[in-house]
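# Per-entry structural report
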Amino acid sequence: MASAPHRAADPFAGLSPRTASILCYIPGVGWIASIIVLAAEKFRHDRKVRFDAFQGLYLFVAWLIEDWVLRPAFRAVPNFHLDSVVKACLLAASIFMIVKASHEESYSLPIIGELAQRSVAEQ
């Protein structure tokens, strides 16, 4: 007797959309959560969670730009530490978005949010 093929259990079955959105904004590791959320079948049609995942990815790219481009450029000028201000702003934006996601509120960050909206619209 042939049985139906066994489907693996969805590893994201217990993950709420709210939790998925919050994880996307954690500095340093949110990019991993964002990629997983974007690849997950469970969130494929959840526009808000996908928006948060894309915005979290773009926020991570801003962190990379600060770390790889701005910091070396600003360190070349003695006693000019604008990169620290940029890093503090990025941290504040991450915390702000974690709070917004925890309240299940949508908020579009300047520039980054616009890119995220376009990315979700292309799906």
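One can find the structure itself at the top, above this paragraph.
First, a word on scope: everything that follows refers to the structure included in this document. (Residues numbered from 1 in each chain as written. Predicted model: local features only at pLDDT ≥ 70, side-chain atom pairs only at ≥ 80, totals over all residues. Heavy atoms only, no water.)

### Section: the overall build of the chain
Across its full length, the chain carries 5 helices and 0 strands. Of the regular secondary structure in the chain, the N- to C-terminal order runs α-α-α-α-α. At 18 Å, the chain has a C-alpha radius of gyration far larger than the 14 Å of a compact globule built from 123 residues. Taken over the C-alpha atoms alone, the chain extends approximately 75 × 30 × 25 Å along its principal axes. Intrachain contacts of the chain at a sequence separation of at least 6 include 66% that bridge at least 24 residues. For the chain, the exposed area adds up to about 7,900 Å²; of that, 66% sits on carbon and sulfur atoms. Computing the positive centroid from 12 side-chain charges and the negative centroid from 11, the chain places the two 2 Å apart. (Helix = DSSP H or I, 4+ residues; strand = E, 2+ residues; numbered from the N terminus. Rg over C-alpha atoms; globule rule 2.2 N^0.38 Å. Contact = heavy atoms within 4.5 Å. Areas by Shrake-Rupley, 256 points an atom, 1.4 Å probe, with all protein chains shown as cover. Lys, Arg positive; Asp, Glu negative; His and termini not counted. Charge placed at Lys NZ, Arg CZ, Asp CG, Glu CD.)

### Quick look at the pattern of salt bridges
For the coordinates displayed, the defined rule picks out 8 salt bridges. With a shortest N-O distance of 3.8 Å, Arg-71 and Glu-66 are connected by a salt bridge. According to the relative accessible area criterion, Arg-71 is partly exposed, its value standing at 25%. A residue is classified by how much of its surface remains accessible, and Glu-66, at 1% relative accessible area, is buried. A salt bridge links Arg-75 to Asp-83; the shortest N-O distance between them is 3.2 Å. Through salt bridges with shared partners, a single ionic network connects Glu-66, Asp-67, Arg-71, Arg-75 and Asp-83. (Salt bridge = Lys/Arg side-chain N within 4 Å of Asp/Glu carboxyl O. Buried < 20%, exposed > 50% of the residue type's maximum accessible area, 1.4 Å probe, protein only.)

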